[in-house]
Amino acid sequence: MKYFQNGINQICAQIIRPLRAEYQQYDLGPIQDQTYTRNDFDLVNHCQQRIKVSLFQGNVQSDICIIYLHSANGCRLEALRYVHEILNQNYMFLTFDFTGSGISDGDQVTYGYREIYDLQTVITHISQYAKAIVLWGRSMGSVVALLYMQQFQNVFVKCLVLDSPFICLQDIVVQMASKKTKIPNFILNSLSSYVSDEIKNQCGFTLNEINCLNNIKVIKIPAFFITSTIDSVVSNEQTEKLFNNYQGIKQIYYTNQDHNETRDFVLVDKVMCWLNQQLQSVGQRIKQKIIFKDHPIPIKLIDLNSFNNKERSSTFDDNRIISISPKQKITNVQQRFQQVLQTQRSAFIERSISTNKMNISVDAYDTNQIKLMNQNRYKQQNYYNQHTNPITFSKVPNKTRDSSHHKY
């Protein structure tokens, strides 16, 4: 049992403590040359661990930053391959060592479980200077990008470049163990549960928790997938499955290189052309929103009472016309009804004056305001009281002086 536990500990050490890339600061190259300026600084994550960061800026100032995320046994040196190609497109370029990698603090690689918080620390800092961010990840770095967007869904991140992402960490561990030991998979799967429990005790996560497929559908931003049919670590089937389940704008590119080989210039050119196209469309959408906000389209309200049916076909100016709502139409009908009712009241009063020669005000028509008439006018008051109920359209006298002018 002791030997078995020792074997489990050795497997766990190979997973969470892979070979660490060691380098010196001067290995990053000159701080400044004719094409760029590099700024090296430290950031502190939520665990009070230092993160080593390098920011490359070209001669042309830019507000778009591409952040490179290295692989499990990589570091900042991995990104130097892309510096000149990215700066030539007038982008800022940032790379850093995850905690547990390179010369940053920490001694454990968690494949995204803790690395997403390192990335959040970096994005929080760079978002003060950049309006748009692109995440470019390689192997574990691409997994970190996917897990980060699934949890944070940061609006500053506009595009993803995912080079050889895998679905689940347990599948990768079993696959690599099978190639090295030739032990049957059903035995490795049972052993992986012990390994997963030990990693849980040491790092706080299990192998199955590092899974990019569970919530991948929540990511909607454009993504460029890179895979290879000769990849010896992450099979192209895993990347293709992630690609098929991705919901945003997407493109996949097949390279003829192995997992750890240096990417050629053809691939870099493909990625940069795709990024230019996507970021240009994002910039146009933002510009349209700003223009609409600063110069709104003038709106002209047209009252349906101001023109009849024949005039409705006439041509108005180019301003936007909003039709009157049903509620407004009801209000207009009510106003017309009150106007007609007032006309009927006036007609009735005029008829009373002409026939009975009495002076009755419109206010006297209201039953609540009927005044006592003089006893000498008793007959006229009885005649008037017969019409104290509110007048409707059907009760208008047929022979009124103005009845010919109203058609209902």
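Please read these numbers as outputs of a predicted model, since none were measured by experiment.

**With respect to the overall build of the protein chain**
Moving on, step 1. Within the protein chain one finds ten helices and ten strands.
Moving on, step 2. Taken across its 408 residues, the protein chain has 42% of its residues classed as buried.
Moving on, step 3. Within the protein chain, contacts between residues at least 6 apart in sequence are counted, and of these 71% link residues at least 24 apart.
Moving on, step 4. When the accessible surface of the protein chain is summed, it comes to about 23800 Å², and 51% of that surface belongs to carbon and sulfur atoms.

**Quick word on the sheet that holds strand S1 (residues 36-44)**
The pairing of strands in a sheet happens through backbone hydrogen bonds and is either parallel or antiparallel.
Moving on, step 1. In space, the eight strands of this open sheet follow the order S1-S2-S4-S3-S5-S6-S7-S8, with mixed pairing throughout. With one partner strand each, in any of the chains shown, S1 and strand S8 (250-255) form the two edges of the open sheet. The sheet shows a mean angle of 20° between the axes of neighbouring strands, direction not considered.
Moving on, step 2. Sheet topology note: the strand S7 (residues 223-228)/S8 ladder contains six bridges and is parallel. Bridge pairing in S8 places Ile226 opposite Tyr253.
Moving on, step 3. Packed on one face of the sheet, helix H4 (residues 140-152) meets strand S3 (64-69), strand S5 (132-138) and strand S6 (157-163) and runs near 145° to S6.
Moving on, step 4. The sheet strands contacting helix H7 (residues 236-245) are S7 and S8, and the helix crosses S7 at an angle near 160°.

**Section: the nonpolar core**
Moving on, step 1. One finds Ile67, Phe96, Leu135 and Leu160 to be the most contacted residues of the largest nonpolar core, which totals 61 residues.
Moving on, step 2. It is H4 that contributes the most residues to this core, eight residues altogether.

**Some thoughts on helix H6 (residues 185-203)**
Moving on, step 1. Taking 1.5 Å per residue as the helical rise, H6 with its 19 residues ought to reach 27 Å, and the 25 Å between its terminal C-alpha atoms agrees with that figure.
Moving on, step 2. For H6, the full list of buried residues reads Leu188, Ser192, Val195, Ser196, Glu198, Ile199 and Cys203.
Moving on, step 3. Among the residues trailing H6, Gly204 stands out with phi positive, at a value near 95°.

**Examining the confidence of the model for the protein chain**
Moving on, step 1. Confidence in the prediction of the protein chain, expressed as mean pLDDT, is 79, and 70% of residues score 70 or more.
Moving on, step 2. For the stretch residues 295-323, pLDDT sits under 50, and the model shows 26 contacts to residues farther than four places along the chain or on other chains.
Moving on, step 3. Per-residue pLDDT stays below 50 along residues 387-408; that stretch engages in 24 contacts with residues further than four places along the chain or on separate chains.

**Focus: helix H3 (residues 115-126)**
Moving on, step 1. Compared with an ideal rise of 1.5 Å per residue, which puts twelve residues at 16 Å, H3 spans 17 Å between its outermost C-alpha atoms and is within 8% of the ideal.
Moving on, step 2. Taken residue by residue, H3 has Glu115, Ile116, Asp118, Leu119, Thr121, Val122, Ile123 and Ile126 as its buried positions.

**Remarks on the environment of Asp269**
Moving on, step 1. The topology assignment puts Asp269 in helix H8 (residues 265-294).
Moving on, step 2. Looking at Asp269, the relative accessible area reads 42%, which means it is partly exposed.
Moving on, step 3. Spatially, the C-alpha atoms of Asp269 and Ile86 are 9.5 Å apart, while their sequence positions differ by 183 residues.

**Things to note about the packing of aromatic side chains**
Moving on, step 1. Using the criterion set out here, one finds 13 aromatic pairs in the structure.
Moving on, step 2. With a centroid separation of 6.5 Å and 55° between ring planes, the pair formed by Tyr68 and Trp136 is classed as tilted. Placement of Tyr68 in strand S3 and of Trp136 in strand S5 is noted, with a sequence separation of 68 residues between them.
Moving on, step 3. The interplanar angle of 75° and the centroid separation of 5.6 Å between the aromatic rings of Phe225 and Tyr246 together place this pair among those described as edge-to-face. Here Phe225, found in strand S7, pairs with Tyr246, found in the loop between H7 and S8; they are 21 residues apart in sequence, far enough to count as distant. Like Phe225, the residue Tyr246 is buried in the burial classification.
Moving on, step 4. Through a chain of ring-to-ring contacts, the aromatic side chains of Tyr36, Phe56 and Phe93 assemble into a single cluster.
Moving on, step 5. Residue placement shows Arg81 over the ring face of Phe265; its charged tip is 3.7 Å from the ring centre.
Moving on, step 6. One cation-aromatic arrangement involves Lys250 over Phe243; the distance from NZ or CZ to the ring centre is 4.9 Å.

**Let's talk about the environment of Thr229**
Moving on, step 1. Inspection of the secondary structure assignment puts Thr229 in the loop between S7 and H7.
Moving on, step 2. On the basis of relative accessible area, Thr229 is assigned to the exposed category, the value being 57%.
Moving on, step 3. Along the primary structure Thr229 and Thr255 are separated by 26 residues, whereas in three dimensions their C-alpha atoms are 7.7 Å apart.

**Quick word on unusual backbone geometry**
Moving on, step 1. One non-glycine residue with positive phi stands out, namely Asn90, at about 65°.
Moving on, step 2. Examined against the element boundaries, Asn90 turns out to sit in the loop between helix H2 (83-87) and strand S4 (92-96).

**Comments concerning the pattern of salt bridges**
Moving on, step 1. Within this structure, the stated rule accounts for seven salt bridges.
Moving on, step 2. With a closest N to O distance of 3.6 Å, Lys200 and Glu209 form a salt bridge.

**Structural notes on the packing of helix H5 (residues 169-181) against H6**
Moving on, step 1. Two elements in contact, H5 and H6, have axes separated by 10 Å at closest approach and are oriented at 130°. Taken together, H5 and H6 sit at an angle that is classed as oblique. Helix-helix and strand crossings are classified by hand; for H5 and H6 the assignment is right-handed. In contact with Gln170, Val174, Ala177, Ser178 and Thr181 of H5, H6 contributes Asn185, Leu188, Asn189 and Ser192.

Basis of the calculations
The residue numbering used here restarts from 1 in each chain and proceeds along that chain's sequence as written. Per-residue local features of the predicted model are confined to residues with pLDDT of at least 70, and side-chain atom pairs are confined, for both listing and counting, to 80 or more; whole-chain, interface and lining totals are unaffected and use all residues. The side-chain quantities take in all heavy atoms of the structure and omit both hydrogens and water. Helix and strand definitions follow DSSP, with helices as H or I runs of at least four residues and strands as E runs of at least two, each counted in order from the N terminus. Only protein chains enter the area calculation, which uses a 1.4 Å probe; residues under 20% of their type maximum are buried, those over 50% are exposed, and those in between are partly exposed. Should any heavy atoms of two residues lie within 4.5 Å, those residues are counted as being in contact. Only the protein chains shown count as cover for residues, and all accessible areas are computed by the Shrake-Rupley method using a 1.4 Å probe. Whether two strands pair comes down to DSSP finding at least two bridges between them. For helices, the fitted line uses only the C-alpha atoms of the stretch in contact; every axis is such a line through C-alpha atoms, and the angle between N-to-C directions lies from 0 to 180 degrees. Among buried residues, the Ala, Val, Leu, Ile, Met, Phe, Trp, Tyr and Cys ones that are joined through side-chain atoms within 4.5 Å form a nonpolar core. Expected span of a helix: the number of residues minus one, times 1.5 Å. One number per residue, pLDDT, summarises how confident the predictor is, and it ranges from 0 to 100. Centre distance within 6.5 Å is the pairing criterion for rings of Phe, Tyr and Trp, where only the six-membered ring of Trp is used; planes under 30 degrees apart are then read as stacked, over 60 as edge-to-face, and the remainder as tilted. Counted as over-ring charges are cases with an Arg CZ or a Lys NZ within 6 Å of the ring centre that also lie within 35 degrees of the ring normal. Think of a salt bridge as a Lys or Arg side-chain nitrogen and an Asp or Glu carboxyl oxygen that are within 4 Å of each other. Each angle receives one of four descriptions, namely roughly parallel if under 35 degrees, roughly antiparallel if over 145, roughly perpendicular if within 65 to 115, and oblique otherwise. By convention, the crossing between two helices is left-handed when the near helix turns anticlockwise from the far helix through less than a right angle, and right-handed when the turn is clockwise.

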